[in-house]
Structures are given as structure tokens and as C-alpha cells.
Amino acid sequence: MKIVVIGGSGLIGSKVVAKLSQAGHEVISASPATGINTITGEGLDEALANTDVVVDLANSPSFEDKAVMEFFQTAGRNLLAAEIRAGVKHHLALSIVGVDLMQESGYMRAKKVQEDLIKQSGVPHTIMRSTQFFEFIGGIANQATEGNIVHISDLQFQPIAAEDVATFVTEAALSAPVNGIQEIAGPGRFTMPELITRYLEAATDPRKVEANQNLQYYGAKISYAALVPAGQAKLGAINFDNWLSSQLAKA
Amino acid sequence: MKRDKSQEPQLPVLSQAVLEQERKMLLDLGNDITRVRDKNDLLVLFSKRLKRYFYFTHTIVTLIDEKSGTYTPFLLDNESSPIRKHPMYPELIQAHFRLNEPFIQTVLQADGPISFLLEDIMEQPESPVFLKVNYEKGVREILMTKIMMEDKPMGFIHMYTDKPGSFTNEFRSVINGIIPQLSGAVSNIIKNEEIHKTEREKSFLLDFSNEIAQVRSKTDLQAAIFKVLDKTMGTKLAMIRLLDDDEVHLSMFMCDPTLFGGTKATFEKMSGTRITVEEPYTSKVLASREGLVFNVAEEIRSGNDYAKLWATTGLKNMYSFPLRVGNRNIGTIWLLANKLSKLLLKGICAQISIAIANIQANEKLLAYKKQLEDENDYLKEQIRTIYNFSEIVGNGAAMQEVYRLISLVATSGTTVLVLGETGTGKELIARAIHNASPRKDKLMVKVNCAALPANLIESELFGHERGAFTGATDRHIGKFELANQSTLFLDEIGELPLEAQAKLLRVIQERELERVGGKQTIKVDVRLITATNRQLEEAVRKGQFREDLYYRLNVFPITLPPLRDRPEDIAPLANFFVKKYARNAGRKINQIAPKAMLQLRSYSWPGNVRELEHLIERSVLLSPDGVLKDVYLSSKNVSEQQSPAHLANRSLEEVERSYIIEVLKRCSGKISGIGGAAEILQVPGNTLHSKMKKLGITKADYFTQG
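Basis of the calculations
- Residues numbered from 1 in each chain as written.
- Chains lettered and ligands numbered in written order.
- Predicted model: local features only at pLDDT ≥ 70, side-chain atom pairs only at ≥ 80, totals over all residues.
- Helix = DSSP H or I, 4+ residues; strand = E, 2+ residues; numbered from the N terminus.
- Buried ≥ 20, exposed ≤ 12 C-beta atoms within 10 Å, placed from the backbone.
- Contact = placed C-beta atoms within 7 Å.
- Nonpolar A, V, L, I, M, F, W, Y, C, P; charged D, E, K, R; others polar.
- Pairing = 2+ DSSP bridges.
- Core = buried A, V, L, I, M, F, W, Y, C linked by C-beta atoms within 7 Å.
- Axes fitted to C-alpha atoms, helices over the stretch in contact; angles between N-to-C directions.
- Parallel < 35°, antiparallel > 145°, perpendicular 65-115°, else oblique.
- Left-handed = near helix turned anticlockwise from the far one by under 90°.
- pLDDT = per-residue confidence, 0-100.
- Expected span 1.5 Å × (residues − 1).
- Arc of directions from axis to C-beta.

Draft legend 1. Local environment of the overall build of chain B. Each helix and strand in chain B was counted, giving 29 helices and 24 strands. Across the 706 residues of chain B, 33% fall into the buried class. Look at the contacts in chain B between residues 6 or more apart in sequence, and 67% of them connect residues 24 or more apart.

Quick look at the structure:
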């Protein structure tokens, strides 16, 4: 099969490209760097010619509300239009668990628009909603740090390893489109302060976590369980401890 | 196809902190929901709190009704229900679903929460319709959990989701954990609602009772009833019928004429007819202990004409209740409503019964009071007049005839017509007849028909109901009613307007009357005495007096002679009055000087006895003690007054001649000097002599009797 991975150079993208190639598929890693630009449309038609599956893992270069919205709208439209022209049989996109429950956030609104564009396009599709990656934990801690204190709301939290995400994306890319949403998450459920404390301790970070009941996540107010899947979800194989030790080993 | 994938769902491992958080949440939720007293708050709280941790679309609580073998929605999570816009929603939240079907039986037999994919169960023939309705709005799975009270299922909590697999084991265990508290909360709410309901009904009855206790009139009662029934209970008063005094008929007492809009005429016809206790519906209601309920639709089918009217209100049931005070039926009340609480209905009807009894008692009391006041006023008035005419004086032949007639007619109940010029003592005669009759123990009632404006005479005679005409602010008892079992004396009957004559005729013929503006017929037993100074036959001829009435009144006429025709009575009368007024004025006058008596005898007395009385009164006041020497006959009166006997067409000469003869007669033939005819005629004695000669008046003319 010919598979085009948009954003193929990113955290998940690079892993997916590797896994698909390993499985013997013709994989094109598309990114502005490889001359394929979903914002300008440049190189899209050529890349999509005779393509069976498109995996969209691209992320906005800016996280400012307006810019994010513009990015996902423009990229989504250009990409889906090109797919229709090329007769692509499966469009797979990565989204976020609870995206519809966190519409206070500009980023989540943009991701929801992306999902809706896909659903309305008529292209056979799979929307894979994932929880946060273990790899984000450091970033979550940083954005909530004031001085030596990390202010974290006691939200439920079920992060997944990027490796598992790549595996699920790869599997889905090679399966029939579900024409709906597939949720994936990590194998364990935690509270966010609990997990961040453990992370900081493991990294011998001197910062202290202070839990609160403000229900804040990146400045947006969400519900306790917004970040964890409801209903059926596929759970990753790598648990937090395993992931942590592999990270420490790498470091 | 989807179901293949939904084998055992993968479940995450929960960390200590997550478990701790959920435990705490459960505890908090448990604490909070046991404090909830308002039914609407409970499920909203439950749903909102639970949604922080778990995903589901909405939830409802249904309660089992064991009597009917059904369950029905009790608590609704309206905010999030996706089926709220479904056309069947309003019907569903009122519906009763059967317990006797496989779906709910499976739930009842399950140990804990049990979930179903709607697809699997909704098409089964006996499954409740809400499953399908939810499916149509995107719901895919349902989690049913029994709510237990004292080891018995009392209802269910239904939870719905559009994401199959939402009801994880963790979710179920949380639900299982919260069920005891939820059951407690629901039963608290049920008990609370029952208490509130009885409290509301009681306080409502209290308010109603307070309001009704102040009611003194029908209008007040009507206002109170309408206010209470309509505004607070969604109930319409159709009608209150009360038993009449005869205990057989029922008359309409109160109704809401606005109730039957378009069919007003029919309603008026039906309500206007007096019915008896034998009327099938009424007899059933009166015989029932706690009233009856008629289903409007069923009654229409069974051909009840009233029910068609009832149906126009759109209300489903007609509640009828016997109104009782103690064990005595006083009437029936008819109320239209969809549903009424028995306790409330009974309470209200008891209050209304008492209020009506009070009003009836009050009305009777007022009527008695009014009657007493009327009689009192009347008595006071009569005391004044009776004192003036306590005796009839005079023994002349003309009066003897009158006495004879009075004694003949007095003891019978015959109608008497007293005729005579003004001042001849017609009222005195009427009173004498009354006093000699078996009715003498009751007061004779007198009406002067000339003393009242035509528009008031009817109400004066026959009475009126409140509101019969402008200004009729109170019910008025007529003189006819006042004179029941007594005598009614109608003075100046000739002045009675024609309209009133017709009514009077009816009363005489039928011996019953209706008050102006009233519908009730009142039987009266009245002896009628009428009097007039007019020539009634002449009035009949001119069409001013009804002939038929004239014959009715003229059964036994008594004609009183004018005073000038019984000069022999002038002396006794004058002495009688002198005594009376001397006593009144504190004067010691006990006789009249012969000269004065001569003047009195020679006067023509156009005003008859009354004029004599007044003249004496004045003379007594103007006279010093001892002997009454001067009478103050008004000379002007003498020349201007003409007695009716001399009104025929005659020549001046004839008039002059007969007048001179008449004056001479009164002066006992004395022509000149004091008390002579010349003085009265105000001519010199010689002139009178020559006039007599010219007119050929001889002694024979004025010394003959007649």
C-alpha cells in the first residue's frame, strides 16, 4: 500500500513512518521540508497520486488560538480536497480524548474543527483520539510552575507512551477505516498531581507539586474526567514505570 | 458488527490517588444527596457530580407503582436529556410502563447494575418504548439499577450513554456503592413530598376556612369560592343548588355563568329550572356519603345532556358533593376538575356548607330585623295618628247607619270600600273595622297611595329584591307582606297608577304576590280596606281606574256623610276636641260659648271633621282660660270653598238663592246681627232682606228640614 504520513517527521510521525516502512509499505513522509505543504497545497497532488492511506499527524507550528484554528482549517481543507481528487481510501487523523469536553481551549476548538471537516468530507476515515503522551508530562509541569511550586489540579490523567500511540496509529492505518472515533489511552489511571510528583521525583527535580481543585489544564477549565476516555478505549502496553525507566536509561 | 468488538473492554489500572479520589467523591456525593429535599435537585446533583468522573449522557429515576404493576418517571435529568426534543417526550415522562415484561424483569432479577445495548432489546415486542426513543436520539446503551427500600425494589435508576462501553466495571461499582444513599434520598423525597402535600392541603384548607369565615353574603362567598377553586386548584365551580324550604325542590344558588361560554343559553335554561330531590343525579349525590365523580366522557356516552355542557370546559371529571350541615342536606355542589384530592374536596365542601348555612341564617336574621324595624317605624307613626282618632264621635242618624254597616262587615274578611269627602274620617272607620275584626291583635297597615311617586308605589306595596332596580340596594318587604294575617288599608286608592292597579288586582285574586325583581311567589292572607274621596265610577268611565279592580274593591261600600249633612254632630265633636286640645295645651277650657257654637253650626265645613278639629285646636290655643268664646273661622275659606254638592250647572240667581237659604238654615233663620246670615254673607242686613225678597226666599224655605 502507498501511505502518506503528513507530519512524518514529528514525535509520532517518525515512529509511524518507521513502523510502516518496516512492514514493507511504500511510505511518503510529508512535511514542508520534503516539499509537501498542506497550508499552501504545494506538492500535495503529486504526493497523493495512487495513495491508499493518508495519516495526518501534523501539528500547528503556533499554539496561539487564531493561528491554530487557521492551521487546522486550511490544512484540513487542502488535504481532504486533494485526497478526494486522488481517491484516497482511508484518512487517519490523530486527535485528543475529551476534545469535545474542553471547548474552552482554543487548541481544542481547532482540533474539533479538524475532526468535523474529516467527518463531513466523505473520505473513509478513522479519528484516533489519544490521551496525553507521557512525553508531555515535563511540559505540563513547566507551564504550571511558579517559582519552585508546580500548581496542578487534581484531574484524572491516563497518559500513553508515544511508542504505543505510534503502534496504534500504524495498526489503524493498516486496518479498515471505522468511520468514527477510536480512543486510545495509557494502561493506568492517575491523578495529575500524583503522576507529576512521581515524574519530578524520578528526575530529582527540586520543584514541589501543589495540588488544587481548580480544574485547570493549560489555563482552560475542564472537568475532572475530561482527559480520560469514556466508553471503550484501547490501552497502551507501556506503563508509567516502564516508560520512566526507559527515559532515565536514555538520559 | 460493532458488537464483535465490544468483548471484554480493556480497563485501566487505577492508581491509589485515583481510587482515593473516587472514594472521596462517592462519600461527598453520598453526603450531599442524603441532604437533598427537593426532588428536582437530587438527580441534577447526582448527574453533574458523577459526570465529573464518568461519561454518560443522561439519567432518570423511575418509581414502581405496585398497585398498577407499572413504573413511571419520577426524577428527570432534564438538562442533558437528548430525547427532550423528541415528540414523544411529554408523553413518556407521564407514562406508566408495565413491570410484567422481559426487559424490566431481567433488571429486577439482576443482582446489581445491568447494562443493555439498546439495539439488542428495543425491538422486542414487549420492551418499553423509551428504549427506542432514546436510540432514535443517538443513545446506544442503558445501565439499569434497582433502587431498594427495605429489601424491596421501589424503582430504578436509568443511565444512558451514546458511547457503548461507557459503563465500565468501575462505573458499575461506583453506582452500586451510591445506590443505598440514592435510595435513602429518593425515599426521603417521597416522604417529604407526601408531608408537603398534606401540609399544603391543610394550610390551603386553613386559608380557605379563614376566608370563608369572614363571608357574610352570597357575593363574598362567590368571590371566595372562585378565588380558591380556580386559582389554586384548577377547578371550576359549575353550580351550587340549595334545597328550598319545602325540602323537595332545589334552586340554583350560585354558578359560574362564564363557564360554558358558547352554550350559555342552554346552560341558563338548565340551571333556571327548579329540580326536585327526585332528579336522578341529585338523588344519587344526596344519598352518597362522600360525593360522586362523573367522568365527562363516559357521561356523554351514556346520554347525559348535562355532560355535553361539562365537556365544553375541557375538564375531565365532574365532582359532585352533598352539602350538609350536621346530618341535614342543604344542597349539592358541582365542581369540574381533572383531578381533586378527596381530603381537599371534603374539607372544602364542609366549609362551603357551613358558609351557606351562615349566609342563610344571616339572611333570615336580616329579614326579621328589617321586618321588626318596619313594624317599629310603623307603630311609632301609628301611635301619633291613633292618638288623634281614638274614638268616633257622633250619634246622628247618618252616623248610626255607618255604625251598623261596620258591625255587619267587621267580623268577615270582606273587602271594604270607604267613601267620603276629605276629612270625614275614612281611616278612623277602617281602623274601627279592623279593631272589631278577628285580626285586631295584629297591626293594621296603612298606605297612602297618593303620598308616593308612581315608580315607588309598587315596591312599597309588594316589596323588592336587592338589585331589582337602580337604588334597590337592599331587599325590601312590601306592605302587603307586612300586613300578612292582618288588614291593609289603602287610602286614596283612586290615585293608584294603572300599572299598580293590575298588580293589586292579581294579589286580590290569587292571594299571592312576587316582590319586584323576585321570582319567588309569596302567599299572603290580607284583609283589604280601601278608601277614596274620588268618584271611582267616574274614574272607571274615564279609563283612569280599572273596572275589574273597582268591582273587586267595591264589595262592601261604606259612605261617610260630610259634616255639613250632620250638623247635629257638630256640638259633640266640638266639645270633644276642645277637651282634647285643652288637655294637650294645659288650658282649663271646658265649654264653648253659645255664640261660638252658633258660628260653628252655620259654617259649611268643606274640610269636614278634620277642619273642625284643626279649627278647635287653633281656637283653644288663641283663647284665654274658661269659656271658648271666639272661633277663628277663616272668612276667606267661607267665600272660596264650595261644597261638592253645589257644583252642578246652575244660574247665578239659582246659586245665590240656594246659598242664601243654606246660610239662613245654618244660622237658624237669623238674618242680621252677630251670628246672622248677613254677617257670613258680608252684606248689610237690609241688603240681604231686599235680596231675599227679590229671590222670593221665605221662612218656609229655610225652616224646612233637609
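Draft legend 2. A look at the overall build of chain A. For chain A, the helix and strand inventory stands at eight helices and 14 strands. A buried classification covers 49% of the 251 residues belonging to chain A.

Draft legend 3. Broad picture of the interface of chain A and chain B. Taken together, the 19 residues of chain A in the interface contact 20 residues of chain B. Of all the secondary-structure elements, those providing two or more residues to the side of chain A that touches chain B are strand 10 (188-191) and strand 14 (234-235) of chain A. Top contributing element to the side of chain A that touches chain B by residue count: strand 10 of chain A, with four residues. For the side of chain A that touches chain B, the class distribution of residues is eight nonpolar, seven polar and four charged. With two bridges joining them, strand 10 of chain A and strand 1 (residues 13-14) of chain B adopt parallel strand pairing. Bridge pairing links G188 of chain A to V13 of chain B in strand 1 of chain B.

Draft legend 4. How the structure looks around the nonpolar core. Of all hydrophobic cores here, the largest spans 125 residues; its most connected members are V5, I6, V16, V55, V165, V169 and I196 of chain A. Considering each element in turn, this core owes the most residues, eight residues, to helix 8 (residues 169-213) of chain B. Ignoring sequence-local partners within four residues, the contact set of V165 of chain A consists of I12, S130, F133, I160 and I184 of chain A. Grouped together as the second largest cluster of nonpolar side chains are 38 residues, L229, L309, Y319 and I348 of chain B included.

Draft legend 5. Up close: the sheet that holds strand 1 (residues 2-6) of chain A. Residue and element names in this part refer to chain A. Spatial strand order, 2-1-3-4-5-9-14: seven strands in an open sheet with parallel pairing. Because the sheet does not close on itself, it has two edges, and the strands there are strand 2 (26-30) and strand 14. Strand direction decides the pairing type here: strand 4 (residues 90-96) and strand 5 (residues 125-130), joined by six bridges, are parallel. The residue bridging I96 from the neighbouring strand is S130, located in strand 5. The sheet strands contacting helix 4 (residues 106-121) are strand 4 and strand 5, and the helix crosses strand 4 at an angle near 160°. The strands touched by helix 6 (residues 162-174) within the sheet are strand 1, strand 3 (53-56), strand 4, strand 5, strand 9 (180-185) and strand 14, with strand 5 carrying the most contacts at an inclination of about 165°.

Draft legend 6. Structural context of the sheet that holds strand 7 (residues 149-153) of chain A. All names here are of chain A. Pairing is mixed across the open sheet formed by three strands, whose spatial order is 6-7-11. Among the strands making up the open sheet, the edge pair consists of strand 6 (145-146) and strand 11 (208-212). For strand 6 and strand 7, the ladder comprises two bridges, and the chain directions are antiparallel. Across the sheet, residue T145 finds its bridge partner in strand 7, namely V150.

Draft legend 7. Structural context of the packing of helix 22 (residues 570-585) of chain B against helix 24 (residues 608-622) of chain B. Residues and elements named next belong to chain B. Contact geometry for helix 22 and helix 24: axes closest at 9 Å, N-to-C directions at 45°. On the basis of the axis angle, helix 22 is oblique to helix 24. Note on packing geometry: the crossing formed by helix 22 with helix 24 is right-handed. Residues L573, A574, F577, V578, Y581, A582 and A585 of helix 22 form the contact with helix 24, whose participating residues are V609, L612, E613, I616, E617, V620 and L621. Class assignment of the residues belonging to the contact of helix 22 with helix 24 gives a composition of twelve nonpolar, no polar and two charged.

Draft legend 8. Seen up close, the confidence of the model for chain B. Residues and elements named next belong to chain B. When the pLDDT values of chain B are averaged, the result is 82; 91% of them are 70 or greater. Predicted confidence for residues 1-7 stays below pLDDT 50, and this span has four contacts to residues more than four positions away or in other chains. Under a pLDDT of 50 for its full length, residues 636-646 has, in the predicted model, ten contacts with residues more than four places off or in other chains.

Draft legend 9. Spatial organisation of unusual backbone geometry. Residue and element names in this part refer to chain A. We note that N179 has phi near 50°; this positive angle belongs to a residue other than glycine. Following the sequence through the fold, N179 ends up in the loop between helix 6 and strand 9. For N179, a count of 13 C-beta atoms within 10 Å puts it in the partly exposed group.

Draft legend 10. Representation of the environment of S47 of chain B within the structure. Residues and elements named next belong to chain B. For S47, the position within the fold is in helix 3 (residues 39-53). According to the C-beta neighbour criterion, S47 is buried, with 21 such atoms within 10 Å. The spatial distance from the C-alpha of S47 to the C-alpha of T57 is 9.1 Å, given a sequence separation of ten residues. With residues up to four places along the chain from it excluded, the contact list for S47 reads H58, T59, D77 and S80.

Draft legend 11. Layout of helix 6 of chain A. Compared with an ideal rise of 1.5 Å per residue, which puts 13 residues at 18 Å, helix 6 of chain A spans 18 Å between its outermost C-alpha atoms and is within 8% of the ideal. A162, D164, V165, A166, F168, V169, T170, A172 and A173 of chain A are the residues of helix 6 of chain A that are buried.

Draft legend 12. Focus on helix 22 of chain B. All names here are of chain B. Compared with an ideal rise of 1.5 Å per residue, which puts 16 residues at 22 Å, helix 22 spans 22 Å between its outermost C-alpha atoms and is within 8% of the ideal. If you check which residues of helix 22 are buried, you get I570, A574, F577, V578, Y581 and A582. For helix 22, the arc enclosing every buried residue in end-on projection is 130°, short of the 170-degree limit, so these residues lie on one face. On its buried face, helix 22 is in contact with strand 23 (589-592), helix 23 (594-602), helix 24 and strand 24 (626-628). Following helix 22 by one or two positions, G586 adopts a phi angle in the positive range, close to 75°.

Draft legend 13. Main features of the pairing of strand 9 of chain A. Residues and elements named next belong to chain A. Taken together, the five bridges between strand 5 and strand 9 define a ladder with parallel strand orientation. Note that in strand 9 the partner of S130 across the bridge is I184. Two strands pair when backbone bridges link them, and strand 9 and strand 14 are joined in this way by two bridges, in the parallel orientation. Residue A185 lies in a different strand from strand 14, and its bridge partner there is L235.

Draft legend 14. Spotlight on the environment of R85 of chain A. All names here are of chain A. Of note, R85 is situated in helix 3 (residues 65-86). Exposure remark for R85: the 12 C-beta atoms within 10 Å place this residue in the exposed category. For the pair R85 and L48, spaced 37 residues apart in sequence, the C-alpha to C-alpha distance is 8.9 Å.

Draft legend 15. How the structure looks around the confidence of the model for chain A. When pLDDT is averaged across chain A, the result is 91; 100% of the residues are at 70 or more. In the model of chain A, helix 8 (residues 240-250) of chain A stands out as the element of lowest mean pLDDT, 85, in contrast to strand 5 of chain A, which has the highest, 96.

Draft legend 16. Highlighting the environment of N142 of chain A. Inspection of the secondary structure assignment puts N142 of chain A in helix 5 (residues 137-143). Between the C-alpha atoms of N142 of chain A and R207 of chain A, which are 65 residues apart in sequence, the distance is 9.9 Å.

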